[in-house]
Amino acid sequence: MKKVVISLGGSILIPSLEKNKIQLYVPVLREIASRHQLFIVVGGGGEARRYIDAARRLGIDEGTADEIGILITRLNATMLVAAMGDDAYPRVAESHAEAKKFAEHKKCVIMGGITPGQTTDAVAAVLAERVQADVFINVTSVDGIYSADPKKDKRAVRYDHLTPRQLIGIVGKAQLVAGLNTVLDIIAARVVERSGIPLVVLDGTDPENLRAALLSGTYTGTVVSRKKTQPLPL
Ligand code: UTP
């Protein structure tokens, strides 16, 4: 049984409450959890952004807006825990230590954010390090890491493979504000560098993509690893 940490972007799972993809994701996550020890870190999605924007309009500081974002990630995580039923540990982990403890029950462990000033990608990167994951998967709305934002720049090229150093060079330019929306934050990138745990960034708009990636190794995405190896399928 391998250990898999998935950072499941809120923009994928819950772009808005109405358009949530929880029902579509549950069978895929259940299948993965039946073969591997699965940890899922859920993002805040559109609802977190709405709250953070409303907080800013009230003149609330960024750190407090982050706390509000964390609450939304935990709310989203609570929805996923409930939807996974008996296949998930019945509580949202509120720290990495708690996530490790919950994993002793051999069920899928789900958590949201924990610390202001970062994103759930960083939470997931540290979790991957702490549980010595075999792979860290970042499920997002683009099919890998590009030289520029592919939604804004037509000339952007996708990388099949990057070293952690190259990743830091790319994501290091982004600004840190609450509700930040880049493929990965700099803290996550630095943790990926120091842990050496292979990272796979892939498009989760269709949950089948995640299933195919894990079970058959067929996917389009970016692998970040020290050596040019292919971490999937497990
Ligand atoms: P995320 O940015 O991680 O969720 O958390 P997301 O936007 O849904 O993820 P992607 O972009 O789809 O991958 C939402 C916000 O909550 C706060 C930050 O303000 C973040 O932008 N947050 C989250 C924290 O401050 N600390 C955390 O540990 C997690």
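Residues numbered from 1 in each chain as written. Predicted model: local features only at pLDDT ≥ 70, side-chain atom pairs only at ≥ 80, totals over all residues. Heavy atoms only, no water.

Any chance you could break down unusual backbone geometry for me, citing the residues and the numbers?
Following Leu232, the chain continues into Pro233 via a peptide bond in cis, with omega recorded as 0 degrees. If you trace the backbone, Pro233 turns up in the segment after strand 9 (221-224). Phi is positive for Gln132, which is not a glycine, with a value near 55 degrees. With respect to the helices, strands and loops of the structure, Gln132 is situated in the loop between helix 6 (120-130) and strand 4 (135-140). (Helix = DSSP H or I, 4+ residues; strand = E, 2+ residues; numbered from the N terminus.)

A description of the site of the ligand should follow, citing residues and the corresponding values.
Around the ligand there are 25 residues in total, and Gly45, Arg49, Asp66, Thr115 and Thr120 lie nearest to it. Within the backbone of Gly45, an N or O atom sits 2.4 Å from an oxygen atom of the ligand. A distance of 2.6 Å separates a nitrogen atom of the ligand from a polar backbone atom of Thr115. Protein burial of the ligand: of its 580 Å² of free accessible surface, 97% is covered by the chains. Sorting the residues of the shell around the ligand by element identifies helix 1 (10-13), helix 3 (45-57), helix 4 (62-84) and helix 6 as the ones contributing at least two each. Tallying contributions element by element places helix 4 first for the shell around the ligand, with four residues. Of the residues contributing to the shell around the ligand, the split by class is seven nonpolar, 16 polar and two charged. (Near = heavy atom within 4 Å. Polar contact = N/O pair within 3.5 Å; in protein donor to acceptor, adjacent residues only side chain to side chain. Areas by Shrake-Rupley, 256 points an atom, 1.4 Å probe, with all protein chains shown as cover. Nonpolar A, V, L, I, M, F, W, Y, C, P; charged D, E, K, R; others polar.)

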